[in-house]
Amino acid sequence: MTAVEHDFDFELLGPLVVRRTGAVLDPGRRKQRLLLIRLLIADGRAVAPEVLCGELWPERPGRAPGGATASLHAHVSTVRAVLEPRHLRVRGTFRVLVTEPAGYALRVPSESRDTVRFERAVVRAHRLLAQGRPADVLREAERALGMWRGAALADATHQLFAAQEVARLEDLRQTTREVRTTALLLSGRIPQAMEAARELTVRHPLRETGWALLLRALYLAGRHPEALRCYADLRGHLADELGLEPGPALRALHDGILRHDLPPLPVSPPGAAQAAGPTTGTTGNGCSGRARCPHSAPARKPRAPFRRISSPPGRRTGGSTSDAGH
């Protein structure tokens, strides 16, 4: 069924906010908000009543048989009172929260969710980065990050049904911060890049991408001894916490700092950022075996052009080692 236009706006990158034609609607109490969030993250697909009952009203000793089903029906009616036009409700006709053979579904356009608008902005930022347009990347990445008002799906933080989507969105948020920091480096805004990279390492201390950006920013600021100390600290932390060494890309960057001959700054595709640590299907360097680590050396010579980043004053560099790949 085609989504019907209703001028709705659903904000999920923080506490749930519902608007229709700009006016804020009250989605109701906690369970109603959770029901609405659950249907929104289903992206128009029907969710079976028994699934909703199990997720929103887990079985507990003493609960009356059928109590969850009755609660679900009541909450669906309450949410419909918020979303459906009154003239349709009185006729028992529903166009927004509909009942299908497979269950309940929300018929709203995907772009009415800020999560979708955020992801599309991130894709545009990556595309601009690949085109070598760091100023436009900054504008798009900052617009995407500005959509966030708190934790993803904040009303459903502790709900099992939301855990995977929360983790996915938060990871994409961190990836967007990394893209923004890369664009700062490419724009020659080294102090701002250094500050942004430090924040990345604080937020995700085991994620190598942020450390690679910080080491590079420190080196380009002429603070290569500090960059080497940061690498030593990270290496010790990984060894103590996970029994791992830094990945090959980070080791190559460390070698480049020692030799004053940095490898090119890679541009990572969406979803390429990985944590430094054991994950399913890793290659031992904290990166998935199916995707190149964002700061790894490329498998073959890049076909795309490069943007040169100046080396610290007084430092000699190799012919292409201070270039930034696009």
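Residues numbered from 1 in each chain as written. Predicted model: local features only at pLDDT ≥ 70, side-chain atom pairs only at ≥ 80, totals over all residues. Heavy atoms only, no water.

1. Quick look at the overall build of the chain
- When helices and strands are counted, the chain shows eleven helices and seven strands.
- Carbon together with sulfur atoms contributes 52% to the accessible area of the chain, which is approximately 15900 Å² in total. (Helix = DSSP H or I, 4+ residues; strand = E, 2+ residues; numbered from the N terminus. Areas by Shrake-Rupley, 256 points an atom, 1.4 Å probe, with all protein chains shown as cover.)

2. Overview of the pairing of strand S2 (residues 17–20)
- Sheet topology places strand S1 (residues 8–11) next to S2; four bridges connect them, and they run antiparallel. Paired with Phe8 across the bridge in S2 is Arg20.
- What sits between S1 and S2 in their antiparallel hairpin is a turn of five residues, with Gly14 showing a positive phi close to 145°.
- In this structure, S2 lies alongside strand S3 (residues 23–25), joined through three bridges in antiparallel fashion. (Pairing = 2+ DSSP bridges.)

3. Quick look at the environment of Leu52
- If you trace the backbone, Leu52 turns up in helix H2 (residues 49–56).
- Leu52 sits in the buried class, given a relative accessible area of 0%.
- Expressed as a C-alpha distance, the spacing of Leu52 and Thr69, which sit 17 residues apart in the sequence, is 9.0 Å.
- In this structure Leu52 touches Leu35, Arg38, Leu39, Val47, Trp57, Leu72 and Tyr104, once residues within four positions along its chain are discounted. (Buried < 20%, exposed > 50% of the residue type's maximum accessible area, 1.4 Å probe, protein only. Contact = heavy atoms within 4.5 Å.)

4. Section: the pattern of salt bridges
- Considering all chains together, one arrives at 22 salt bridges under this definition.
- Linking Arg107 and Glu100 is a salt bridge whose minimum nitrogen-to-oxygen distance equals 2.3 Å.
- Between Asp136 and Arg133 there is a salt bridge, and its shortest N-O distance comes to 2.9 Å. (Salt bridge = Lys/Arg side-chain N within 4 Å of Asp/Glu carboxyl O.)

5. Examining the packing of aromatic side chains
- Counted under the stated rule, the structure contains two aromatic pairs.
- With a centroid separation of 5.5 Å and 25° between ring planes, the pair formed by Phe8 and Phe10 is classed as stacked. Take Phe8 and Phe10: they sit in the same class, and that class is buried.
- Between Phe118 and Trp148, the ring centres sit 5.5 Å apart and the planes meet at 85°, which makes this aromatic pair edge-to-face. One end of the pair, Phe118, is in helix H5 (residues 114–130); the other, Trp148, is in the loop between helix H6 (134–145) and helix H7 (163–186), with 30 residues separating them in the sequence. (Phe/Tyr/Trp six-rings, centres within 6.5 Å; stacked < 30°, edge-to-face > 60°.)

6. Notes on the side chain of Thr176
- In this structure, Thr176 sits in helix H7.
- Its relative accessible area of 1% is what places Thr176 among the buried residues.
- In this structure, Thr176 is in contact with Phe118, Val122, Ala141, Ala144 and Leu145, ignoring residues within four places of it in sequence.

7. Here we look at helix H10 (residues 224–242)
- Compared with an ideal rise of 1.5 Å per residue, which puts 19 residues at 27 Å, H10 spans 26 Å between its outermost C-alpha atoms and is within 8% of the ideal.
- Of all the residues in H10, the buried ones are His224, Glu226, Ala227, Cys230, Tyr231, Leu234 and Leu238. Looking down the long axis of H10, one finds its buried residues gathered within 150° of arc, a one-sided arrangement. Of the residues in H10, the exposed ones pointing more than 90 degrees away from the buried face are Arg229, Asp233 and Asp240.
- Where H10 is buried, its residues meet helix H8 (190–203), helix H9 (208–220) and helix H11 (248–259).
- Where H10 ends, the next residue or the one after it, Gly243, has phi of about 65°, a positive value. (Expected span 1.5 Å × (residues − 1). Arc of directions from axis to C-beta.)

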